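Residues per chain are reported as follows:
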Number of protein chains: 2
Amino acid sequence: MTHQNAPHVHLHRETFVIRANEVDAQRRLTLPALVNYLQEVANNNVRLAGMSVYDLHARGLAWVLARMKLQIFAYPHHGEAVVVKTFPSAVDKYQFYRDFRVYGPSGQLLAQATSTWPVIDLAKRQMVSVPDFLRVFTFGGDEAPLPPAKGKLLPPGPDPHQHVCTVGWYDIDVNQHTNNAAYFRWLVEGMPPWFLAAHQLAEVDLQFRNESNLGEAITVQASPLPAEPLEWAHRLFRPTDGKDLATAQTTWRPN
Amino acid sequence: MTHQNAPHVHLHRETFVIRANEVDAQRRLTLPALVNYLQEVANNNVRLAGMSVYDLHARGLAWVLARMKLQIFAYPHHGEAVVVKTFPSAVDKYQFYRDFRVYGPSGQLLAQATSTWPVIDLAKRQMVSVPDFLRVFTFGGDEAPLPPAKGKLLPPGPDPHQHVCTVGWYDIDVNQHTNNAAYFRWLVEGMPPWFLAAHQLAEVDLQFRNESNLGEAITVQASPLPAEPLEWAHRLFRPTDGKDLATAQTTWRPN
(Lines give C-alpha, C1' and ligand atoms only; values in the text may rest on other atoms or scores of the structure.)
Protein backbone atom coordinates (compact mmCIF):
# COMPACT_ATOMS: atom_id res chain seq x y z
CA MET A 1 0.00 0.00 0.00
CA THR A 2 1.54 3.30 -1.15
CA HIS A 3 0.92 6.32 1.03
CA GLN A 4 1.97 9.70 -0.33
CA ASN A 5 1.89 13.09 1.28
CA ALA A 6 1.64 15.40 -1.70
CA PRO A 7 1.21 19.17 -1.56
CA HIS A 8 -2.00 19.11 -3.68
CA VAL A 9 -4.34 16.62 -2.10
CA HIS A 10 -7.56 15.63 -3.82
CA LEU A 11 -9.89 16.68 -1.08
CA HIS A 12 -13.55 17.41 -1.74
CA ARG A 13 -16.25 18.91 0.49
CA GLU A 14 -19.97 19.42 -0.09
CA THR A 15 -22.82 20.69 2.03
CA PHE A 16 -26.14 18.84 2.08
CA VAL A 17 -29.30 20.27 3.63
CA ILE A 18 -31.25 17.23 4.80
CA ARG A 19 -34.53 16.86 2.89
CA ALA A 20 -37.82 15.47 4.16
CA ASN A 21 -37.44 12.31 2.09
CA GLU A 22 -33.99 11.67 3.59
CA VAL A 23 -35.17 11.23 7.18
CA ASP A 24 -36.99 8.44 8.99
CA ALA A 25 -40.10 8.64 11.14
CA GLN A 26 -37.89 10.07 13.97
CA ARG A 27 -36.66 12.89 11.65
CA ARG A 28 -33.15 11.38 11.61
CA LEU A 29 -31.04 11.12 8.45
CA THR A 30 -31.49 7.59 7.05
CA LEU A 31 -28.60 5.23 6.34
CA PRO A 32 -29.33 5.03 2.57
CA ALA A 33 -29.45 8.86 2.34
CA LEU A 34 -26.13 9.11 4.22
CA VAL A 35 -24.53 6.50 1.94
CA ASN A 36 -25.83 8.43 -1.09
CA TYR A 37 -24.15 11.60 0.27
CA LEU A 38 -20.85 9.70 0.58
CA GLN A 39 -21.27 8.26 -2.92
CA GLU A 40 -22.05 11.75 -4.28
CA VAL A 41 -18.94 13.42 -2.85
CA ALA A 42 -16.79 10.47 -3.99
CA ASN A 43 -18.24 10.81 -7.52
CA ASN A 44 -17.59 14.53 -7.57
CA ASN A 45 -14.08 14.11 -6.15
CA VAL A 46 -13.06 11.80 -9.01
CA ARG A 47 -15.02 13.86 -11.56
CA LEU A 48 -13.06 17.01 -10.68
CA ALA A 49 -9.89 15.00 -11.30
CA GLY A 50 -11.19 14.01 -14.76
CA MET A 51 -11.79 10.43 -13.61
CA SER A 52 -15.57 10.32 -13.29
CA VAL A 53 -17.72 7.27 -13.81
CA TYR A 54 -18.35 8.56 -17.37
CA ASP A 55 -14.65 9.16 -18.05
CA LEU A 56 -13.99 5.56 -17.00
CA HIS A 57 -16.93 4.25 -19.08
CA ALA A 58 -15.27 5.78 -22.15
CA ARG A 59 -12.30 3.46 -21.44
CA GLY A 60 -14.49 0.42 -20.73
CA LEU A 61 -13.90 0.65 -17.00
CA ALA A 62 -15.88 1.47 -13.86
CA TRP A 63 -15.25 2.26 -10.22
CA VAL A 64 -16.90 -0.17 -7.83
CA LEU A 65 -17.25 -0.02 -4.09
CA ALA A 66 -15.87 -3.23 -2.53
CA ARG A 67 -16.09 -2.53 1.19
CA MET A 68 -17.23 0.30 3.41
CA LYS A 69 -16.89 0.62 7.17
CA LEU A 70 -19.00 3.48 8.46
CA GLN A 71 -19.28 4.74 12.05
CA ILE A 72 -22.14 7.07 13.00
CA PHE A 73 -21.63 8.92 16.29
CA ALA A 74 -24.78 11.07 16.13
CA TYR A 75 -27.57 11.53 13.61
CA PRO A 76 -28.40 14.89 12.04
CA HIS A 77 -32.06 15.79 11.51
CA HIS A 78 -34.43 17.09 8.84
CA GLY A 79 -33.48 20.60 7.70
CA GLU A 80 -29.96 20.57 9.16
CA ALA A 81 -26.92 21.24 6.97
CA VAL A 82 -24.11 18.68 7.08
CA VAL A 83 -20.67 18.96 5.49
CA VAL A 84 -19.35 15.79 3.89
CA LYS A 85 -15.62 15.54 3.16
CA THR A 86 -13.79 12.85 1.23
CA PHE A 87 -10.23 12.15 0.16
CA PRO A 88 -8.40 9.23 -1.42
CA SER A 89 -6.19 7.88 1.34
CA ALA A 90 -4.00 5.29 -0.44
CA VAL A 91 -3.72 2.95 -3.41
CA ASP A 92 -2.29 -0.54 -3.87
CA LYS A 93 -2.13 -2.88 -6.87
CA TYR A 94 -5.88 -3.54 -7.01
CA GLN A 95 -7.74 -0.74 -5.31
CA PHE A 96 -8.00 2.79 -4.03
CA TYR A 97 -8.72 3.55 -0.37
CA ARG A 98 -11.05 6.47 0.35
CA ASP A 99 -11.97 8.20 3.59
CA PHE A 100 -15.10 10.18 4.50
CA ARG A 101 -16.01 12.55 7.33
CA VAL A 102 -19.43 14.04 8.06
CA TYR A 103 -19.69 17.19 10.18
CA GLY A 104 -22.79 18.66 11.79
CA PRO A 105 -24.04 22.27 11.88
CA SER A 106 -21.63 23.24 14.69
CA GLY A 107 -18.66 21.41 13.21
CA GLN A 108 -18.93 18.26 15.34
CA LEU A 109 -17.88 14.95 13.77
CA LEU A 110 -21.10 12.99 13.16
CA ALA A 111 -19.77 10.11 11.09
CA GLN A 112 -16.63 8.73 9.46
CA ALA A 113 -15.90 5.97 6.99
CA THR A 114 -13.12 4.10 5.24
CA SER A 115 -13.76 2.34 1.94
CA THR A 116 -12.06 0.43 -0.88
CA TRP A 117 -12.64 1.03 -4.61
CA PRO A 118 -11.31 -1.43 -7.18
CA VAL A 119 -11.71 -0.79 -10.91
CA ILE A 120 -13.54 -3.30 -13.10
CA ASP A 121 -13.47 -4.04 -16.81
CA LEU A 122 -17.08 -3.36 -17.84
CA ALA A 123 -17.21 -5.97 -20.61
CA LYS A 124 -15.70 -8.79 -18.52
CA ARG A 125 -17.27 -7.58 -15.23
CA GLN A 126 -13.91 -8.41 -13.65
CA MET A 127 -11.47 -6.51 -11.45
CA VAL A 128 -8.32 -5.19 -13.14
CA SER A 129 -5.12 -3.92 -11.55
CA VAL A 130 -5.29 -0.13 -11.06
CA PRO A 131 -4.31 1.37 -14.45
CA ASP A 132 -1.48 3.94 -14.61
CA PHE A 133 -3.69 6.78 -15.86
CA LEU A 134 -5.64 6.55 -12.58
CA ARG A 135 -2.47 6.87 -10.50
CA VAL A 136 -2.75 10.67 -10.55
CA PHE A 137 -4.40 11.08 -7.17
CA THR A 138 -2.56 12.49 -4.22
CA PHE A 139 -3.37 11.03 -0.87
CA GLY A 140 -3.99 11.81 2.71
CA GLY A 141 -6.47 14.67 2.73
CA ASP A 142 -5.86 17.13 5.55
CA GLU A 143 -5.83 14.57 8.35
CA ALA A 144 -4.73 11.01 9.10
CA PRO A 145 -6.81 8.42 7.27
CA LEU A 146 -8.68 5.75 9.19
CA PRO A 147 -7.18 2.25 9.27
CA PRO A 148 -8.71 0.24 6.38
CA ALA A 149 -11.41 -2.29 7.34
CA LYS A 150 -9.88 -5.73 7.67
CA GLY A 151 -10.83 -9.25 8.64
CA LYS A 152 -13.56 -11.65 7.70
CA LEU A 153 -17.12 -10.72 8.57
CA LEU A 154 -18.98 -13.24 10.70
CA PRO A 155 -22.03 -14.93 9.10
CA PRO A 156 -25.52 -14.89 10.66
CA GLY A 157 -26.30 -17.73 13.07
CA PRO A 158 -28.33 -20.91 12.41
CA ASP A 159 -31.88 -19.49 12.70
CA PRO A 160 -31.66 -15.93 11.33
CA HIS A 161 -34.38 -13.31 10.86
CA GLN A 162 -35.22 -13.53 7.16
CA HIS A 163 -36.66 -11.06 4.64
CA VAL A 164 -37.03 -10.98 0.85
CA CYS A 165 -36.35 -7.92 -1.37
CA THR A 166 -36.49 -7.45 -5.13
CA VAL A 167 -34.07 -5.43 -7.27
CA GLY A 168 -36.34 -2.69 -8.64
CA TRP A 169 -36.14 -0.49 -11.73
CA TYR A 170 -34.77 2.45 -9.74
CA ASP A 171 -32.13 0.37 -7.94
CA ILE A 172 -30.15 0.15 -11.20
CA ASP A 173 -27.58 2.95 -11.64
CA VAL A 174 -25.59 4.47 -14.51
CA ASN A 175 -23.17 1.49 -14.29
CA GLN A 176 -26.17 -0.73 -15.18
CA HIS A 177 -25.78 -2.45 -11.84
CA THR A 178 -27.44 -2.17 -8.47
CA ASN A 179 -26.77 1.13 -6.66
CA ASN A 180 -24.58 0.67 -3.56
CA ALA A 181 -27.06 2.39 -1.25
CA ALA A 182 -29.67 -0.26 -2.09
CA TYR A 183 -27.68 -2.93 -0.20
CA PHE A 184 -27.53 -0.74 2.90
CA ARG A 185 -31.30 -0.19 2.61
CA TRP A 186 -31.98 -3.92 2.21
CA LEU A 187 -29.67 -4.71 5.13
CA VAL A 188 -31.70 -2.47 7.44
CA GLU A 189 -35.06 -3.54 5.99
CA GLY A 190 -34.02 -7.11 6.73
CA MET A 191 -33.90 -6.36 10.49
CA PRO A 192 -36.91 -6.98 12.76
CA PRO A 193 -39.04 -3.78 12.93
CA TRP A 194 -39.32 -4.01 16.75
CA PHE A 195 -35.52 -3.82 16.94
CA LEU A 196 -35.29 -0.88 14.48
CA ALA A 197 -37.92 1.05 16.44
CA ALA A 198 -35.77 0.98 19.61
CA HIS A 199 -32.20 1.25 18.25
CA GLN A 200 -30.00 3.29 15.99
CA LEU A 201 -27.13 2.07 13.86
CA ALA A 202 -23.72 2.92 15.36
CA GLU A 203 -21.46 1.08 12.89
CA VAL A 204 -21.71 -0.95 9.70
CA ASP A 205 -18.94 -2.84 7.88
CA LEU A 206 -20.27 -4.08 4.53
CA GLN A 207 -18.53 -6.13 1.85
CA PHE A 208 -19.90 -6.27 -1.70
CA ARG A 209 -19.39 -9.76 -3.14
CA ASN A 210 -21.40 -10.17 -6.35
CA GLU A 211 -23.57 -8.02 -8.57
CA SER A 212 -27.36 -8.32 -8.69
CA ASN A 213 -29.67 -7.63 -11.61
CA LEU A 214 -33.06 -6.09 -12.27
CA GLY A 215 -35.99 -8.19 -11.07
CA GLU A 216 -33.95 -10.61 -8.96
CA ALA A 217 -35.22 -11.62 -5.54
CA ILE A 218 -32.69 -11.21 -2.72
CA THR A 219 -32.86 -12.97 0.63
CA VAL A 220 -31.64 -10.92 3.58
CA GLN A 221 -30.63 -12.83 6.71
CA ALA A 222 -29.71 -11.22 10.01
CA SER A 223 -29.03 -12.41 13.54
CA PRO A 224 -27.37 -11.01 16.64
CA LEU A 225 -23.91 -12.38 17.49
CA PRO A 226 -23.86 -14.91 20.37
CA ALA A 227 -24.09 -13.03 23.69
CA GLU A 228 -23.91 -9.66 21.84
CA PRO A 229 -27.50 -8.45 21.36
CA LEU A 230 -26.28 -5.11 19.90
CA GLU A 231 -23.98 -6.69 17.29
CA TRP A 232 -25.54 -8.31 14.25
CA ALA A 233 -24.30 -10.36 11.31
CA HIS A 234 -25.99 -9.99 7.90
CA ARG A 235 -25.99 -11.90 4.65
CA LEU A 236 -27.70 -10.83 1.41
CA PHE A 237 -27.82 -13.64 -1.14
CA ARG A 238 -29.58 -14.66 -4.32
CA PRO A 239 -31.59 -17.81 -3.61
CA THR A 240 -31.63 -18.92 -7.27
CA ASP A 241 -27.87 -19.61 -7.35
CA GLY A 242 -27.00 -19.26 -3.66
CA LYS A 243 -24.43 -16.53 -4.41
CA ASP A 244 -23.66 -14.01 -1.70
CA LEU A 245 -24.24 -10.44 -2.88
CA ALA A 246 -23.12 -8.73 0.31
CA THR A 247 -22.15 -9.61 3.87
CA ALA A 248 -22.03 -7.20 6.76
CA GLN A 249 -21.64 -6.73 10.48
CA THR A 250 -23.41 -3.97 12.38
CA THR A 251 -23.32 -2.46 15.87
CA TRP A 252 -26.38 -0.71 17.34
CA ARG A 253 -27.17 1.46 20.36
CA PRO A 254 -30.50 2.06 22.09
CA ASN A 255 -32.37 5.20 20.94
CA MET B 1 -63.08 27.56 -4.84
CA THR B 2 -61.69 30.94 -3.80
CA HIS B 3 -59.09 32.52 -6.04
CA GLN B 4 -57.36 35.61 -4.74
CA ASN B 5 -54.85 37.89 -6.38
CA ALA B 6 -52.94 39.25 -3.44
CA PRO B 7 -49.87 41.46 -3.59
CA HIS B 8 -47.73 39.10 -1.47
CA VAL B 9 -47.93 35.68 -3.02
CA HIS B 10 -46.45 32.63 -1.30
CA LEU B 11 -44.08 31.62 -4.02
CA HIS B 12 -41.06 29.43 -3.36
CA ARG B 13 -38.14 28.45 -5.61
CA GLU B 14 -35.25 26.07 -5.00
CA THR B 15 -32.38 24.80 -7.13
CA PHE B 16 -31.48 21.10 -7.14
CA VAL B 17 -28.29 19.74 -8.69
CA ILE B 18 -29.20 16.23 -9.81
CA ARG B 19 -27.24 13.59 -7.89
CA ALA B 20 -26.02 10.22 -9.13
CA ASN B 21 -28.59 8.38 -7.01
CA GLU B 22 -31.42 10.46 -8.52
CA VAL B 23 -30.96 9.24 -12.09
CA ASP B 24 -31.79 5.99 -13.85
CA ALA B 25 -29.53 3.81 -15.99
CA GLN B 26 -29.99 6.37 -18.85
CA ARG B 27 -28.74 9.23 -16.57
CA ARG B 28 -32.25 10.78 -16.54
CA LEU B 29 -33.85 12.19 -13.38
CA THR B 30 -36.13 9.48 -11.93
CA LEU B 31 -39.82 10.01 -11.20
CA PRO B 32 -39.43 9.38 -7.42
CA ALA B 33 -36.55 11.90 -7.24
CA LEU B 34 -38.63 14.49 -9.14
CA VAL B 35 -41.62 13.91 -6.85
CA ASN B 36 -39.31 14.30 -3.84
CA TYR B 37 -38.12 17.67 -5.24
CA LEU B 38 -41.77 18.80 -5.53
CA GLN B 39 -42.51 17.56 -2.01
CA GLU B 40 -39.42 19.37 -0.70
CA VAL B 41 -40.33 22.78 -2.17
CA ALA B 42 -43.94 22.36 -1.00
CA ASN B 43 -42.69 21.57 2.53
CA ASN B 44 -40.39 24.58 2.53
CA ASN B 45 -43.09 26.84 1.10
CA VAL B 46 -45.48 26.07 3.98
CA ARG B 47 -42.61 26.06 6.52
CA LEU B 48 -41.64 29.62 5.57
CA ALA B 49 -45.26 30.60 6.21
CA GLY B 50 -45.09 28.99 9.70
CA MET B 51 -47.33 26.12 8.59
CA SER B 52 -44.83 23.27 8.29
CA VAL B 53 -45.61 19.62 8.86
CA TYR B 54 -44.22 20.08 12.41
CA ASP B 55 -46.28 23.23 13.06
CA LEU B 56 -49.38 21.26 12.06
CA HIS B 57 -48.33 18.23 14.16
CA ALA B 58 -48.31 20.53 17.19
CA ARG B 59 -52.03 21.11 16.51
CA GLY B 60 -52.78 17.44 15.87
CA LEU B 61 -53.05 17.98 12.12
CA ALA B 62 -51.11 17.04 8.99
CA TRP B 63 -50.98 17.99 5.32
CA VAL B 64 -51.67 15.10 2.99
CA LEU B 65 -51.33 14.90 -0.77
CA ALA B 66 -54.63 13.71 -2.29
CA ARG B 67 -53.98 13.97 -6.02
CA MET B 68 -51.15 15.04 -8.27
CA LYS B 69 -51.17 15.46 -12.03
CA LEU B 70 -47.65 15.84 -13.36
CA GLN B 71 -46.56 16.45 -16.95
CA ILE B 72 -42.91 15.92 -17.92
CA PHE B 73 -41.91 17.51 -21.23
CA ALA B 74 -38.20 16.67 -21.09
CA TYR B 75 -35.93 14.95 -18.57
CA PRO B 76 -32.90 16.63 -17.03
CA HIS B 77 -29.74 14.58 -16.51
CA HIS B 78 -27.17 13.77 -13.84
CA GLY B 79 -25.23 16.86 -12.75
CA GLU B 80 -27.66 19.41 -14.22
CA ALA B 81 -29.22 22.12 -12.06
CA VAL B 82 -33.01 22.44 -12.14
CA VAL B 83 -35.13 25.17 -10.55
CA VAL B 84 -38.34 24.00 -8.93
CA LYS B 85 -41.06 26.58 -8.23
CA THR B 86 -44.26 26.11 -6.27
CA PHE B 87 -47.19 28.27 -5.21
CA PRO B 88 -50.57 27.64 -3.59
CA SER B 89 -53.07 28.32 -6.36
CA ALA B 90 -56.44 28.19 -4.57
CA VAL B 91 -58.34 26.85 -1.57
CA ASP B 92 -61.88 25.54 -1.05
CA LYS B 93 -63.69 24.08 1.98
CA TYR B 94 -61.62 20.90 2.16
CA GLN B 95 -58.30 21.42 0.41
CA PHE B 96 -55.55 23.60 -0.92
CA TYR B 97 -54.53 23.54 -4.57
CA ARG B 98 -50.82 23.80 -5.32
CA ASP B 99 -48.92 24.26 -8.58
CA PHE B 100 -45.35 23.29 -9.50
CA ARG B 101 -43.01 24.20 -12.35
CA VAL B 102 -39.61 22.69 -13.08
CA TYR B 103 -37.13 24.62 -15.25
CA GLY B 104 -33.95 23.32 -16.86
CA PRO B 105 -30.46 24.85 -16.99
CA SER B 106 -31.37 27.27 -19.82
CA GLY B 107 -34.75 28.20 -18.33
CA GLN B 108 -36.89 25.85 -20.43
CA LEU B 109 -40.01 24.39 -18.81
CA LEU B 110 -39.26 20.70 -18.16
CA ALA B 111 -42.27 19.74 -16.06
CA GLN B 112 -45.39 21.12 -14.43
CA ALA B 113 -47.90 19.82 -11.93
CA THR B 114 -51.16 20.61 -10.18
CA SER B 115 -51.99 18.99 -6.84
CA THR B 116 -54.53 18.98 -4.00
CA TRP B 117 -53.69 19.01 -0.28
CA PRO B 118 -56.38 18.34 2.30
CA VAL B 119 -55.62 18.53 6.03
CA ILE B 120 -56.21 15.51 8.28
CA ASP B 121 -56.78 15.10 11.99
CA LEU B 122 -53.81 12.92 13.04
CA ALA B 123 -55.63 11.11 15.85
CA LYS B 124 -58.73 10.26 13.79
CA ARG B 125 -56.79 9.90 10.49
CA GLN B 126 -59.70 11.78 8.90
CA MET B 127 -59.96 14.82 6.66
CA VAL B 128 -61.14 18.05 8.31
CA SER B 129 -62.38 21.26 6.69
CA VAL B 130 -59.50 23.70 6.17
CA PRO B 131 -59.06 25.48 9.53
CA ASP B 132 -59.07 29.30 9.64
CA PHE B 133 -55.48 29.61 10.87
CA LEU B 134 -54.35 27.99 7.60
CA ARG B 135 -56.27 30.51 5.49
CA VAL B 136 -53.30 32.88 5.48
CA PHE B 137 -51.91 31.92 2.10
CA THR B 138 -52.16 34.20 -0.87
CA PHE B 139 -52.67 32.56 -4.21
CA GLY B 140 -51.72 32.57 -7.81
CA GLY B 141 -47.93 32.71 -7.84
CA ASP B 142 -46.54 34.79 -10.71
CA GLU B 143 -48.45 33.03 -13.45
CA ALA B 144 -51.82 31.42 -14.17
CA PRO B 145 -52.28 28.14 -12.28
CA LEU B 146 -53.00 24.93 -14.18
CA PRO B 147 -56.60 23.67 -14.21
CA PRO B 148 -56.98 21.21 -11.27
CA ALA B 149 -57.01 17.52 -12.19
CA LYS B 150 -60.60 16.29 -12.48
CA GLY B 151 -62.53 13.20 -13.41
CA LYS B 152 -62.44 9.57 -12.42
CA LEU B 153 -59.35 7.58 -13.28
CA LEU B 154 -59.95 4.46 -15.37
CA PRO B 155 -59.11 1.09 -13.73
CA PRO B 156 -56.72 -1.46 -15.28
CA GLY B 157 -58.28 -4.00 -17.64
CA PRO B 158 -59.24 -7.62 -16.93
CA ASP B 159 -55.78 -9.28 -17.21
CA PRO B 160 -53.31 -6.68 -15.90
CA HIS B 161 -49.55 -6.89 -15.45
CA GLN B 162 -49.11 -7.60 -11.72
CA HIS B 163 -46.29 -6.95 -9.25
CA VAL B 164 -45.96 -7.13 -5.45
CA CYS B 165 -44.17 -4.52 -3.29
CA THR B 166 -43.71 -4.25 0.47
CA VAL B 167 -43.86 -1.07 2.58
CA GLY B 168 -40.30 -0.85 3.91
CA TRP B 169 -38.80 0.84 6.97
CA TYR B 170 -37.58 3.80 4.93
CA ASP B 171 -40.91 4.31 3.16
CA ILE B 172 -42.39 5.65 6.41
CA ASP B 173 -42.09 9.44 6.78
CA VAL B 174 -42.32 11.97 9.62
CA ASN B 175 -46.14 11.72 9.43
CA GLN B 176 -45.72 8.01 10.37
CA HIS B 177 -47.26 7.10 7.07
CA THR B 178 -45.94 6.02 3.70
CA ASN B 179 -44.01 8.72 1.83
CA ASN B 180 -45.84 9.98 -1.28
CA ALA B 181 -42.91 9.31 -3.60
CA ALA B 182 -43.08 5.59 -2.70
CA TYR B 183 -46.40 5.22 -4.56
CA PHE B 184 -44.91 6.79 -7.70
CA ARG B 185 -41.93 4.39 -7.39
CA TRP B 186 -44.22 1.36 -6.94
CA LEU B 187 -46.39 2.47 -9.86
CA VAL B 188 -43.38 2.48 -12.21
CA GLU B 189 -41.87 -0.68 -10.72
CA GLY B 190 -45.22 -2.36 -11.40
CA MET B 191 -44.78 -1.82 -15.17
CA PRO B 192 -43.19 -4.47 -17.42
CA PRO B 193 -39.38 -3.86 -17.63
CA TRP B 194 -39.40 -4.28 -21.45
CA PHE B 195 -41.84 -1.36 -21.65
CA LEU B 196 -39.82 0.83 -19.24
CA ALA B 197 -36.63 0.20 -21.21
CA ALA B 198 -38.16 1.68 -24.38
CA HIS B 199 -40.37 4.50 -23.04
CA GLN B 200 -40.37 7.54 -20.81
CA LEU B 201 -43.21 8.84 -18.70
CA ALA B 202 -44.89 11.91 -20.21
CA GLU B 203 -47.77 12.34 -17.74
CA VAL B 204 -49.07 10.83 -14.51
CA ASP B 205 -52.32 11.60 -12.69
CA LEU B 206 -52.31 9.83 -9.32
CA GLN B 207 -54.97 9.73 -6.61
CA PHE B 208 -54.13 8.68 -3.07
CA ARG B 209 -57.02 6.70 -1.58
CA ASN B 210 -55.94 4.99 1.65
CA GLU B 211 -52.88 4.89 3.86
CA SER B 212 -50.54 1.91 4.00
CA ASN B 213 -48.44 0.71 6.92
CA LEU B 214 -45.00 -0.72 7.58
CA GLY B 215 -44.54 -4.30 6.41
CA GLU B 216 -47.73 -4.49 4.34
CA ALA B 217 -47.64 -6.15 0.94
CA ILE B 218 -49.07 -4.05 -1.90
CA THR B 219 -50.26 -5.41 -5.22
CA VAL B 220 -49.60 -3.16 -8.21
CA GLN B 221 -51.70 -3.75 -11.32
CA ALA B 222 -51.18 -2.02 -14.66
CA SER B 223 -52.54 -2.37 -18.17
CA PRO B 224 -52.67 -0.22 -21.31
CA LEU B 225 -56.02 1.34 -22.14
CA PRO B 226 -57.93 -0.39 -24.97
CA ALA B 227 -56.39 0.67 -28.32
CA GLU B 228 -54.05 3.13 -26.52
CA PRO B 229 -50.71 1.34 -26.03
CA LEU B 230 -49.07 4.51 -24.64
CA GLU B 231 -51.78 5.16 -22.02
CA TRP B 232 -51.89 2.95 -18.95
CA ALA B 233 -54.21 2.52 -15.99
CA HIS B 234 -52.79 1.57 -12.58
CA ARG B 235 -54.15 0.31 -9.30
CA LEU B 236 -52.20 -0.17 -6.07
CA PHE B 237 -54.16 -2.14 -3.49
CA ARG B 238 -53.70 -4.08 -0.27
CA PRO B 239 -54.63 -7.71 -0.94
CA THR B 240 -55.41 -8.46 2.73
CA ASP B 241 -58.48 -6.16 2.81
CA GLY B 242 -58.82 -5.32 -0.90
CA LYS B 243 -58.57 -1.57 -0.21
CA ASP B 244 -57.26 0.68 -2.96
CA LEU B 245 -54.23 2.69 -1.80
CA ALA B 246 -53.75 4.64 -5.03
CA THR B 247 -55.09 4.69 -8.56
CA ALA B 248 -53.42 6.39 -11.49
CA GLN B 249 -53.36 6.95 -15.22
CA THR B 250 -50.16 7.50 -17.15
CA THR B 251 -49.12 8.54 -20.67
CA TRP B 252 -45.77 7.47 -22.14
CA ARG B 253 -43.66 8.31 -25.19
CA PRO B 254 -40.96 6.26 -26.90
CA ASN B 255 -37.37 7.05 -25.79
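Predicted model only: the values in this text are computed from it and were never measured.

So, how was this worked out
- Residues numbered from 1 in each chain as written.
- Chains lettered and ligands numbered in written order.
- Predicted model: local features only at pLDDT ≥ 70, side-chain atom pairs only at ≥ 80, totals over all residues.
- Heavy atoms only, no water.
- Domains from an automatic or database assignment.
- Buried area = accessible area lost by both parts, 1.4 Å probe.
- Disulfide = S-S within 2.5 Å.
- Buried < 20%, exposed > 50% of the residue type's maximum accessible area, 1.4 Å probe, protein only.
- Contact = heavy atoms within 4.5 Å.
- Salt bridge = Lys/Arg side-chain N within 4 Å of Asp/Glu carboxyl O.
- Polar contact = N/O pair within 3.5 Å; in protein donor to acceptor, adjacent residues only side chain to side chain.
- Helix = DSSP H or I, 4+ residues; strand = E, 2+ residues; numbered from the N terminus.
- Nonpolar A, V, L, I, M, F, W, Y, C, P; charged D, E, K, R; others polar.
- Pairing = 2+ DSSP bridges.
- Least-squares fit on C-alpha atoms with pLDDT ≥ 70 in both.
- Phe/Tyr/Trp six-rings, centres within 6.5 Å; stacked < 30°, edge-to-face > 60°.
- Axes fitted to C-alpha atoms, helices over the stretch in contact; angles between N-to-C directions.
- Parallel < 35°, antiparallel > 145°, perpendicular 65-115°, else oblique.
- Left-handed = near helix turned anticlockwise from the far one by under 90°.

(A) Molecular detail of the domain arrangement of chain A. All names here are of chain A. Here chain A is partitioned into domain 1 (12–134) and domain 2 (161–254). Distance between the C-alpha centres of domain 1 and domain 2: 18 Å. In total, domain 1 and domain 2 occlude about 2,100 Å² of area from one another, counting both sides; carbon and sulfur atoms represent 49% of this. A per-residue breakdown of the area domain 1 buries against domain 2 is headed by Leu31, Arg67 and Arg125, which together make up 23% of the total.

(B) Quick look at the state of the cysteines. Per the stated rule, a full pass over the model turns up 0 disulfides over all chains. The cysteine Cys165 of chain A is free of any disulfide, with Cys165 of chain B supplying the nearest cysteine sulfur at 11 Å. Owing to a relative accessible area of 7%, Cys165 of chain A belongs among the buried residues under this scheme.

(C) View of the interface of chain B and chain A. Counting residues at the interface gives 34 residues for chain B and 35 residues for chain A. Note on chain B versus chain A: buried area summed over both sides is about 3,100 Å², and carbon and sulfur give 58% of it. Here chain B is connected to chain A by 2 salt bridges. With its nearest N and O atoms 2.9 Å apart, the salt bridge here joins Glu22 of chain B to Arg19 of chain A. Counting the contacts that link chain B with chain A gives 12 residue pairs in polar contact (both at pLDDT 80 or more). Going through the elements one at a time, helix 1 (31–48), helix 3 (180–189) and helix 4 (193–198) of chain B are the ones with two or more residues in the side of chain B that touches chain A. When residues in the side of chain B that touches chain A are grouped by element, the largest group, 6 residues, is from helix 1 of chain B. For the side of chain B that touches chain A, a count of residues per class yields 18 nonpolar, 8 polar and 8 charged.

(D) Summary view of the pairing of strand 10 (residues 217–225) of chain A. Residue and element names in this part refer to chain A. Extensive coverage of strand 10 is indicated by the burial of 7 of its 9 residues. In the sheet, strand 8 (residues 161–166) pairs with strand 10 via 6 bridges, with the strands oriented antiparallel. Paired with Gln162 across the strands is Gln221, a residue of strand 10. Where strand 10 lies against strand 11 (residues 228–237), 7 bridges are found, and the strand directions are antiparallel. Bridge assignment links Thr219 to a residue of strand 11, and that residue is Phe237. In textbook terms, the turn of a hairpin is the stretch between consecutive antiparallel strands, and for strand 10 and strand 11 this stretch comprises 2 residues, one of which, Ala227, has a positive phi near 65°.

(E) Summary view of the relation of the copies chain B and chain A. Taken as rigid bodies, chain B and chain A are interconverted by a rotation of 180° and an axial shift of 0.0 Å, the fit giving an RMSD of 0.0 Å. The superposition of one copy onto the other is thereby described by a two-fold rotation axis. Of every C-alpha in chain B, the one belonging to Cys165 of chain B sits nearest the axis of rotation, 4.4 Å from it. A high fraction, 100%, of the interface residues of chain B reappear at the interface in chain A, so the copies pair face to face through one surface.

(F) Quick look at the packing of aromatic side chains. All names here are of chain B. Taken as a whole, this structure holds 16 aromatic pairs over all chains when the rule is applied. Geometrically, the ring pair formed by Phe16 and Tyr37 is stacked, given 4.2 Å between the ring centres and 15° between the ring planes. Placement of the pair is Phe16 in strand 1 (residues 12–17) and Tyr37 in helix 1, with a sequence separation of 21 residues. In this structure Phe16 comes out as buried when scored by relative accessible area, which is 3%.

(G) Examining the pairing of strand 1 of chain B more closely. Residue and element names in this part refer to chain B. A one-sided burial pattern is seen for strand 1, the buried positions being His12, Glu14 and Phe16 and the unburied ones Arg13, Thr15 and Val17. For strand 1 and strand 4 (residues 81–91), the ladder comprises 6 bridges, and the chain directions are antiparallel. Among the inter-strand pairings, Glu14 is bridged to a residue of strand 4, identified as Val84.

(H) Molecular detail of the packing of helix 1 of chain B against helix 3 of chain B. Residue and element names in this part refer to chain B. Packing of helix 1 against helix 3 brings their axes to within 9 Å, and their N-to-C directions diverge by 160°. In terms of axis orientation, helix 1 runs roughly antiparallel to helix 3. When you trace helix 1 past helix 3, the crossing you get is right-handed. Contacts between helix 1 and helix 3 involve Leu31, Pro32, Val35, Asn36 and Gln39 from the former and Asn180, Ala181, Phe184, Arg185 and Val188 from the latter.

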